[in-house]
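Examination of the molecular architecture
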Amino acid sequence: MSAQGTPSAAAKTAGGSTATPEGAWTVTFLLFLLMLVNFADKIVVGLAGVPIMTDLKLEPAQFGLLGSSFFFLFSISAIVVGFLVNKVATRYVLLTLAVIWALAQFPMVGTVSFTTLLICRIVLGAGEGPAASVATHAIYKWFPDEKRTLPTAVLTQGSAFGVILAVPALNWIIVNHSWHYAFGALGVVGLIWVCAWLTLGKEGPLEDTQTLAVSEPKIPYIRLLTSRTFLGCVIATFGAYWALSLGLTWFTSFIVKGLGYSQSAAGWVSILPWVFGATIVILTGWISQVMMVRGYTTRMSRGVLGSVPLIIGGLILTTMPHMQGAGLQIALLVVGSGLCGAIYVVCPPMLGEFTPASQRGAILAIYGALYTLSGIIAPYVMGKVIERAGSMIDGYMTGFTINAVIMIGSGVVGLLLLWPNTEKARLTRGAAAQTAPLKRAVSPT
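Residues numbered from 1 in each chain as written. Predicted model: local features only at pLDDT ≥ 70, side-chain atom pairs only at ≥ 80, totals over all residues. Heavy atoms only, no water.

It is worth spelling out the overall build of the protein chain at this point. Regarding its fold elements, the protein chain presents 21 helices and zero strands. Taken over C-alpha atoms, the radius of gyration comes to 22 Å for the protein chain, in line with the 22 Å a tight globule of 445 residues would show. Each of the three principal axes of the protein chain carries a C-alpha extent, and together these read 80 × 45 × 35 Å. Put simply, the protein chain has 445 residues, and 58% of those count as buried. (Helix = DSSP H or I, 4+ residues; strand = E, 2+ residues; numbered from the N terminus. Rg over C-alpha atoms; globule rule 2.2 N^0.38 Å. Buried < 20%, exposed > 50% of the residue type's maximum accessible area, 1.4 Å probe, protein only.)

Opposite charge on two side chains lets them pair, provided their charged atoms get close. Under the criterion given, the structure shown has four salt bridges. With a shortest N-O distance of 2.7 Å, lysine 141 and glutamate 203 are connected by a salt bridge. Of this pair, lysine 141 sits in the loop between α7 (131-139) and α8 (149-176) while glutamate 203 sits in the loop between α9 (179-200) and α10 (209-215), and the two are 62 residues apart along the sequence. Linking glutamate 353 and arginine 302 is a salt bridge whose minimum nitrogen-to-oxygen distance equals 3.0 Å. Of this pair, glutamate 353 sits in helix α17 (residues 341-354) while arginine 302 sits in helix α15 (residues 298-318), and the two are 51 residues apart along the sequence. Residue glutamate 353 shares its accessibility class with arginine 302, and that shared class is buried. (Salt bridge = Lys/Arg side-chain N within 4 Å of Asp/Glu carboxyl O.)

Another aspect to go through is the nonpolar core. General note: in soluble globular proteins, nonpolar side chains tend to be found buried as a group. Counting residues in each nonpolar core, the largest one holds 123 residues, and the members touching the most others are Leu31, Phe254, Trp274 and Ile343. A per-element tally of this core places helix α12 (residues 228-258) first, with 16 residues. For isoleucine 343, the contacting residues outside a window of four places in its chain are Ala236, Thr237, Ala240, Gly306, Ser307, Leu310 and Leu418. (Core = buried A, V, L, I, M, F, W, Y, C linked by side-chain atoms within 4.5 Å. Contact = heavy atoms within 4.5 Å.)

In this structure, proline 273 sits in helix α14 (residues 272-293). On a C-alpha basis, the gap between proline 273 and arginine 360 in space is 31 Å, while along the polypeptide they are 87 residues apart. For proline 273, the contacting residues outside a window of four places in its chain are Phe251, Val334, Ser337 and Gly338.

Now for the confidence of the model for the protein chain. A low pLDDT means the predicted coordinates there should not be read in detail. In the predicted model, the protein chain carries a mean pLDDT of 86, and the fraction of residues at 70 or more is 90%. In the model, residues 1-16 has pLDDT below 50 throughout and makes 23 contacts with residues more than four positions away in sequence or in other chains. (pLDDT = per-residue confidence, 0-100.)

Residues Val99, Leu103, Phe106, Val188, Leu191 and Ile192 make up a contiguous nonpolar surface patch of about 490 Å² in total accessible area. Looking at the nonpolar patch, the elements with two or more residues in it are α5 (90-105) and α9. Relative to the elements of secondary structure, valine 99 occurs in helix α5. For valine 99, a relative accessible area of 31% corresponds to the partly exposed category. (Patch = residues over 30% accessible without salt bridge, like charges linked within 9 Å, V, L, I, M, F, W, Y side chains within 5 Å. Areas by Shrake-Rupley, 256 points an atom, 1.4 Å probe, with all protein chains shown as cover.)

What the rule picks out here adds up to 19 aromatic pairs. Judged by centre distance (6.0 Å) and plane angle (65°), the rings of phenylalanine 39 and tryptophan 274 are edge-to-face. Separated by 235 residues along the polypeptide, phenylalanine 39 in helix α1 (residues 24-47) and tryptophan 274 in helix α14 bring together distant segments of the chain. With respect to burial, phenylalanine 39 and tryptophan 274 carry one shared label: buried. Of the aromatic side chains, those joined through ring pairs into one cluster are Phe70, Phe71, Phe74, Tyr241, Tyr344, Tyr367 and Tyr371. Of note, lysine 42 hangs over the ring of phenylalanine 39, and the distance from its end group to the ring centre comes to 4.4 Å. It is arginine 299 that lies over the ring of tryptophan 419; its NZ or CZ is 4.0 Å from the centre. (Phe/Tyr/Trp six-rings, centres within 6.5 Å; stacked < 30°, edge-to-face > 60°. Lys NZ or Arg CZ within 6 Å of the ring centre and 35° of its normal.)

What follows deals with the side chain of serine 227. Residue placement: serine 227 occurs in the loop between α11 (221-225) and α12. Judged by relative accessible area, which is 0%, serine 227 ranks as buried. Side-chain polar atoms of serine 227 contact the backbone oxygen of leucine 224, separated by 2.7 Å. (Polar contact = N/O pair within 3.5 Å; in protein donor to acceptor, adjacent residues only side chain to side chain.)

Compared with the 34 Å implied by 1.5 Å per residue over 24 residues, the 34 Å span of α1 between its first and last C-alpha is a close match. With 20 of 24 residues buried, α1 is to be regarded as a mostly interior element. (Expected span 1.5 Å × (residues − 1).)

Attention now moves to unusual backbone geometry. The phi angle at lysine 57 is positive, at roughly 55°, despite the residue not being glycine. Note that lysine 57 resides in the loop between α2 (49-56) and α3 (60-69). Classification of lysine 57 by relative accessible area gives exposed; the value is 68%.

Structure, rendered in structure tokens:
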């Protein structure tokens, strides 16, 4: 077996549990930066929404289509690459994805048509579709199950910091130069990350998926994909991602056109949901890990902990149309949508609990591919609702109310279905029952 096939002796504690290998947090930080670039790439269209609509003379439905286009190939590429990383080292897959991201930005530096912008966003989405699942799979090669929630939270923080750090810088470029140059700046940053990953990126030593594919028991994919915890994760995160994709595409436009802020002021306001969301993500990761140390089941420390904030956030959003004042409406939108962040922290570790490591890359990818389908639907739905409303502000409020209902429903479903601890036992028993007759058949006695 290769050096990566089993944990090294140094990685074992006296009690026999797996310790965190040296270099794990360096790789985690690099992947945090990858997700930072990932979400900066995502938000630039929403941040530059007003000047893009003005320059290209786009209607709200067209701009909604532009936001949705990012997700046209997102899910397909996520699934394809998810199966690929069951056999290919994540180091090389992540490198390839990052190169695609960077190159997809540069055509927007010059004068572009709506069609060119649309195509580039589709290509970028195809490159970014597998990113979160592959990065999570890569991190889980560095951390044992009981220590995965916190690094998952750190990885998820890349999305928040990608917005918090990028929005002021990109908005300054948009206001003082042009939205075209904002895309070019992201391309340069992407290439810088590629150089850093070439220098420091490594494959985790705790798992060799090729070796595990031969040695560990398999669970049929149909059983994994129809397990109630997998379905609960997909549905719960679908509702959370509906809110996130609206934030990426429509939040800044809502601030400018709906509430009357200037583009400069809106750039600063636009980071508020991500600052709050970052706090929720880190708190969730920390609380979950503390609960597990204190003996709580993963049903409580992951399933309930991730689902309840979705329901609360949706209830908060339902009050927006009934409140007066731009400041209060922004606060409700920030808190309501920000609470969704909890579900992103707990679902990947839950899926990792009962999925064999040699199948985990594909399961995480399929999970991501399914819940991000809301990214295709939500921005376009908001655009159509705004177009058909009596006034622009009424359209936004109706769109956010739809978002609230979806969040509440998905949170309730998650609360009912997320039982990862019993899922693991049930699937393991099923796999053992299937393999026992085969073992008896080949036994010499």
